[in-house]
Amino acid sequence: FCEGLGQALVSSLMTLDGRGGLVLIQTGLRDANLQLSGQCDRHGDRVDVVYTIENAETHQRVRGDRVSETAGSSLAIQRRLIDSVVRQLGLPADRLSTVTERRTNAAAFDAYLAGRRSLLDYDRPENIAQAIDAFKQALAIDGTFASAQAGLGEAYRRQYDATREPAWIE
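Residues numbered from 1 in each chain as written. Predicted model: local features only at pLDDT ≥ 70, side-chain atom pairs only at ≥ 80, totals over all residues. Heavy atoms only, no water.

Draft legend 1. Broad picture of the overall build of the protein. Looking only at helices and strands, the protein has 6 helices and 3 strands in total. Ordering the α and β elements of the protein from the N terminus gives α-β-β-β-α-α-α-α-α. Taken across its 170 residues, the protein has 39% of its residues classed as buried. When contacts within the protein are restricted to residue pairs at least 6 apart in sequence, those whose partners lie at least 24 apart make up 47%. As displayed, the protein offers around 9400 Å² of accessible surface, 46% of which is attributable to carbon and sulfur atoms. (Helix = DSSP H or I, 4+ residues; strand = E, 2+ residues; numbered from the N terminus. Buried < 20%, exposed > 50% of the residue type's maximum accessible area, 1.4 Å probe, protein only. Contact = heavy atoms within 4.5 Å. Areas by Shrake-Rupley, 256 points an atom, 1.4 Å probe, with all protein chains shown as cover.)

Draft legend 2. Spotlight on the sheet that holds strand S3 (residues 61-70). Taking strand neighbours across the sheet as the criterion, the 3 strands line up as S1-S2-S3 in an open arrangement whose pairing is antiparallel. Strand pairing shows two members of the sheet lacking a second neighbour, strand S1 (34-43) and S3, which therefore form its edges. Averaged over neighbouring strand pairs, the angle between their axes works out to 15° when direction is ignored. In the sheet, S1 pairs with strand S2 (residues 46-55) via 10 bridges, with the strands oriented antiparallel. (Pairing = 2+ DSSP bridges. Axes fitted to C-alpha atoms, helices over the stretch in contact; angles between N-to-C directions.)

Draft legend 3. Region of the structure containing the environment of Ala76. In this fold, Ala76 is placed in helix H2 (residues 74-88). In this structure Ala76 comes out as buried when scored by relative accessible area, which is 19%. Taking the C-alpha atoms as reference points, Ala76 and Ala106, separated by 30 residues in sequence, lie 8.8 Å from one another.

Draft legend 4. Representation of the packing of helix H4 (residues 106-120) against helix H5 (residues 125-141). Contact pair H4 / H5: the axes reach a minimum separation of 8 Å and the direction vectors enclose 165°. When the axes of H4 and H5 are compared, the pair comes out roughly antiparallel. Between H4 and H5 the crossing geometry is left-handed. Across the interface between the two elements, Ala107, Ala108, Ala111, Tyr112, Ala114, Gly115, Arg116, Ser118 and Leu119 of H4 pack against Asn127, Gln130, Ala131, Ala134, Phe135, Gln137, Ala138 and Ile141 of H5. When the residues that make up the contact of H4 with H5 are grouped by side-chain class, the tally is 11 nonpolar, 5 polar and 1 charged. (Parallel < 35°, antiparallel > 145°, perpendicular 65-115°, else oblique. Left-handed = near helix turned anticlockwise from the far one by under 90°. Nonpolar A, V, L, I, M, F, W, Y, C, P; charged D, E, K, R; others polar.)

Draft legend 5. Here's a closer look at the packing of aromatic side chains. Under the criterion given, the structure shown has 4 aromatic pairs. Ring centres 5.9 Å apart and planes at 50° place the aromatic pair Tyr112 and Phe135 in the tilted group. Note that Tyr112 is positioned in helix H4 and Phe135 in helix H5, a separation of 23 residues in sequence. Judged by its relative accessible area of 7%, Tyr112 falls in the buried class. (Phe/Tyr/Trp six-rings, centres within 6.5 Å; stacked < 30°, edge-to-face > 60°.)

Draft legend 6. Spatial organisation of the pairing of S3. The sheet contact formed by S2 and S3 spans 9 bridges and is antiparallel. Residue pairing across strands places Asp48 opposite Ser68, the latter belonging to S3. Hairpin geometry of S2 and S3 is characterised by an intervening segment of 5 residues between the two adjacent antiparallel strands and by a positive phi of about 65° at His59.

Draft legend 7. Region of the structure containing the nonpolar core. Core analysis: the largest hydrophobic core is formed by 18 residues, its most contacted members being Phe109, Tyr112, Phe135, Ala138, Phe145, Ala148 and Ala155. Where this core is concerned, the elements lending two or more residues are H4, H5 and helix H6 (146-163). By size, the runner-up hydrophobic cluster in this structure holds 17 residues, among which are Leu9, Leu36, Val86 and Leu89. (Core = buried A, V, L, I, M, F, W, Y, C linked by side-chain atoms within 4.5 Å.)

Draft legend 8. Looking closely at H4. Its 15 residues place the ends of H4 21 Å apart at the C-alpha level, agreeing with the 21 Å of an ideal helix rising 1.5 Å per residue. Ala108, Phe109, Ala111, Tyr112, Leu113, Gly115, Arg116, Ser118 and Leu119 are the residues of H4 that are buried. (Expected span 1.5 Å × (residues − 1).)

So this is what it looks like as structure tokens:
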């Protein structure tokens, strides 16, 4: 869940690129000027996310925050986390509303996060199959969920890369 949440956060923040002037915060991105790192923990019915934003060159902490939310509310966690990161970056409020707006069903989003998590370790064939199942579940709940559609396409491509079976290309 936490790794999927992290990927969803980075994906949402990447939409600011070009509009917010960010060269963004992703490990391994050569031109990044900031790096985002954090930890996500579940404590009973709460999820706590603690993150820091560091200068990518000096690794000095620039900003950071802690976000807490009810564990069963993954969309609320993502919205609060994005809201916090965008505010910590000092971006204008009009940028914030376009990033945090999401009309996805919470159950579909949970399935999407599970799919993203499975794809993190795509070298294991069972993870690709789990990702495909999770993205299909998300799309069964919300057939218009574009991120789940893109995730399913990525999972199919990974499956093709692993098996070289032409059926996965279709």
